[in-house]
Amino acid sequence: MASNGLMYDGCNFFRQRLVLSTLSGKNVKIKNIRSRDDEPGLRDFEASFIRLLDKVTNGSRIEINQTGTVLFYQPGLLYGGSVEHDCNPQRSVGYYLEALLMLAPFMKTPLKATLRGVTNDPTDPTVDLLKSTAVPLMKKFGIDGEAFDLKVVKRGMAPGGGGEVVFTCPVHKTIRPVQLIEPGKIKRIRGVAYSVRVSPQMGNRIVESARSILNQFLPDIYIYTDHMKGANSGKSPGFGLTLVAETLNGCFLSAEMSSTPQGQGDPVLPEDLGRNCAKLLLEEVYRGGCVDSSNQSLALLLMTLGQQDVSKVLLGPLSPYTIEFLRHIRDFFQVMFKVEVQKPLDDERKGGDKVLMTCVGVGYSNISKTVK
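Residues numbered from 1 in each chain as written. Predicted model: local features only at pLDDT ≥ 70, side-chain atom pairs only at ≥ 80, totals over all residues. Heavy atoms only, no water.

Draft legend 1. Local environment of the overall build of the protein chain. Helices and strands together make up the secondary structure of the protein chain, namely 10 helices and 18 strands. In terms of overall dimensions, the protein chain is globule-like: its C-alpha atoms have a radius of gyration of 21 Å, near the 21 Å expected for 372 residues. Principal axes of the C-alpha set define a box for the protein chain whose edges measure 60 × 50 × 45 Å. The burial tally for the protein chain puts 54% of its 372 residues in the buried class. A separation of at least 24 residues holds for 74% of the contacts in the protein chain among residues at least 6 apart in sequence. Carbon together with sulfur atoms contributes 49% to the accessible area of the protein chain, which is approximately 16400 Å² in total. Distance between charge centroids for the protein chain: 5 Å, based on 45 positive and 38 negative side chains. (Helix = DSSP H or I, 4+ residues; strand = E, 2+ residues; numbered from the N terminus. Rg over C-alpha atoms; globule rule 2.2 N^0.38 Å. Buried < 20%, exposed > 50% of the residue type's maximum accessible area, 1.4 Å probe, protein only. Contact = heavy atoms within 4.5 Å. Areas by Shrake-Rupley, 256 points an atom, 1.4 Å probe, with all protein chains shown as cover. Lys, Arg positive; Asp, Glu negative; His and termini not counted. Charge placed at Lys NZ, Arg CZ, Asp CG, Glu CD.)

Now the structure itself:
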């Protein structure tokens, strides 16, 4: 292996390692990938993710051993351009899109990615959630423009898929430092209740049950119903709800739930789904912070790659995924965050412990000069 390479063990945090390897230009070797499983090696959705990385980069070198238990990845230049990819239906488009959101601003040419597959499932963040939380978060870091958009063309539920998403992002090599330390109070809640290949009445039932809980706290609630028909409705039936709470200072906190995929587990009633999703949103608001749980790692990455200036972001309790992401940032970029835990003044009003993350950006342009 090259002297600037890193070595990891096991299949956990697979995307994190490959994305940060691509951005930092450091080789990575992952061994013992499910080596003790009955079916060892990479899964189909991980192989599909590697193919997507290969499409958006130029000159990447990928070596996988015969059993698929060892992967060596030497990143090439982030090129971008127009990309079409059929995502593996084992994971939703959100699995692939989360990585593209991290890579897209640093491409050589503007990215236009058309991803096909499952747009909504219970495991990964749905496209609706990423559109309503990740996109506004990136705009706070100065990633903006007419070309910056995320659009659902066709909706596809698990397990059949059949959905289509178009993501476009302009090039932004310099990221603005931010000071997101005061989330503010919740001023309104918006949401989308979607349904495909089931009765359109499902959406109305979800909206009614979600509002029965949220209206006790806030009057400004509007939940759209989105019922796609025919060719735009994918191959499997299903329904779900995405809720987003917006604060006075323009921060977005979100929660979502999807129905159980056809033929897997017990069916879910739309009334139960609506109520449970509303409770999840209240839980997210209680956790607090300026960034919700699903976008913590995106915010931390943009802070790391921002200009050589101090960035501060207030987060709720860190998720296990985010904690591991911080360790990987230290490995790949030698950047460590200053972490301050803020205790609530009044448990009933202020929620749980908050975490103030502070770091000095390294500047992506500096990394690309030294590596490429």
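Draft legend 2. Representation of empty space enclosed by the protein within the structure. This model, assessed by the stated rule, comprises 3 cavities of 30 Å³ or more. Empty space within the largest cavity amounts to approximately 130 Å³. Mapped onto the lining of the largest cavity, the elements with two or more residues apiece are α1 (14–24), α3 (93–103), α7 (296–304) and α8 (320–333). The element that contributes the greatest number of residues to the lining of the largest cavity is α3, accounting for 4 residues. Each residue belonging to the lining of the largest cavity can be placed in one class, and the counts come to 8 nonpolar, 4 polar and 2 charged. (1 Å grid on protein atoms, 1.4 Å probe; cavity = no way out; pocket = protein on both sides within 12 Å on 5 of 7 lines; lining within 4 Å. Points joined across faces, edges and corners; volume = space filled by probe spheres on them. Nonpolar A, V, L, I, M, F, W, Y, C, P; charged D, E, K, R; others polar.)

Draft legend 3. Looking closely at the UniProt feature "domain: RNA 3'-terminal phosphate cyclase" (unreviewed entry) in the protein chain. In the numbering used here, UniProt assigns the "domain: RNA 3'-terminal phosphate cyclase" (unreviewed entry) feature to residues 7–339. Annotated as 31% helix and 28% strand, the span residues 7–339 places its first and last C-alpha atoms 26 Å apart. (UniProt positions renumbered as here; feature names shortened; annotations may be inferred.)

Draft legend 4. Looking closely at the sheet that holds strand β8 (residues 109–117). Reading across the sheet, the 4 strands line up as β7-β8-β10-β9 and stay open at both edges, with mixed pairing between neighbours. Since the sheet does not close on itself, it has two edges, and those belong to β7 (80–86) and β9 (149–154), each with one partner. Each adjacent strand pair in this sheet contributes to an overall mean axis angle of 10°, direction not counted. Where β8 and strand β10 (residues 163–169) come together, 7 bridges link them in antiparallel fashion. By the bridge assignment for β10, Thr114 is matched with Val166. Against the sheet, helix α2 (residues 44–56) touches β7 and β8, its axis set at about 160° to β7. The strands touched by α3 are β7, β8, β9 and β10; relative to β8, the strand with the most contacts, the crossing angle is about 170°. (Pairing = 2+ DSSP bridges. Axes fitted to C-alpha atoms, helices over the stretch in contact; angles between N-to-C directions.)

Draft legend 5. Up close: the sheet that holds strand β14 (residues 238–247). Read from one edge to the other, the open sheet built from 4 strands follows the order β13-β12-β14-β15, with strand pairing classed as mixed. Where the open sheet ends on each side, the last strands, each with one partner, are β13 (221–228) and β15 (252–258). Between one strand axis and the next, the sheet turns by 15° as a mean value, whatever way the strands run. Here strand β12 (residues 186–196) runs beside β14; their pairing, made up of 10 bridges, is antiparallel. For Arg190, the partnering residue across the bridge sits in β14 and is Val244. On the sheet, helix α5 (residues 201–214) packs against β12, β13 and β14 and is oriented at approximately 165° with respect to β13. Sitting on the sheet, helix α6 (residues 270–287) touches β12, β14 and β15, and the angle it makes with β15 is about 155°.

Draft legend 6. Main features of unusual backbone geometry. Between Ala158 and Pro159 the backbone carries a cis peptide bond, its omega angle lying at 0°. Mapped onto the elements of the fold, Pro159 is located in the loop between β9 and β10. With a phi angle near 50°, Arg34 is a residue other than glycine that sits in the positive phi range. With respect to the helices and strands, the residue Arg34 is situated in the loop between β2 (28–31) and α2. Judged by its relative accessible area of 15%, Arg34 falls in the buried class. Positive phi values are uncommon outside glycine, yet Arg197 reaches one of about 55°. If you trace the backbone, Arg197 turns up in the loop between β12 and α5.

Draft legend 7. Representation of the pattern of salt bridges within the structure. Scanning all chains against the criterion turns up 19 salt bridges. For Arg116, the salt bridge identified is with Asp86, shortest N-O distance 3.8 Å. Note that Arg116 is positioned in strand β8 and Asp86 in strand β7, a separation of 30 residues in sequence. By relative accessible area, which is 28% here, Arg116 ends up partly exposed. Here Arg275 makes a salt bridge to Asp272, at a shortest N to O gap of 2.9 Å. Placement of the pair is Arg275 and Asp272 together in helix α6, with a separation of 3 residues, close to one helical turn. On the basis of relative accessibility, which here comes to 31%, the residue Arg275 falls in the partly exposed class. Within the structure, one salt-bridge network assembled from shared partners comprises Glu84, Asp86, Arg116 and Glu164. (Salt bridge = Lys/Arg side-chain N within 4 Å of Asp/Glu carboxyl O.)

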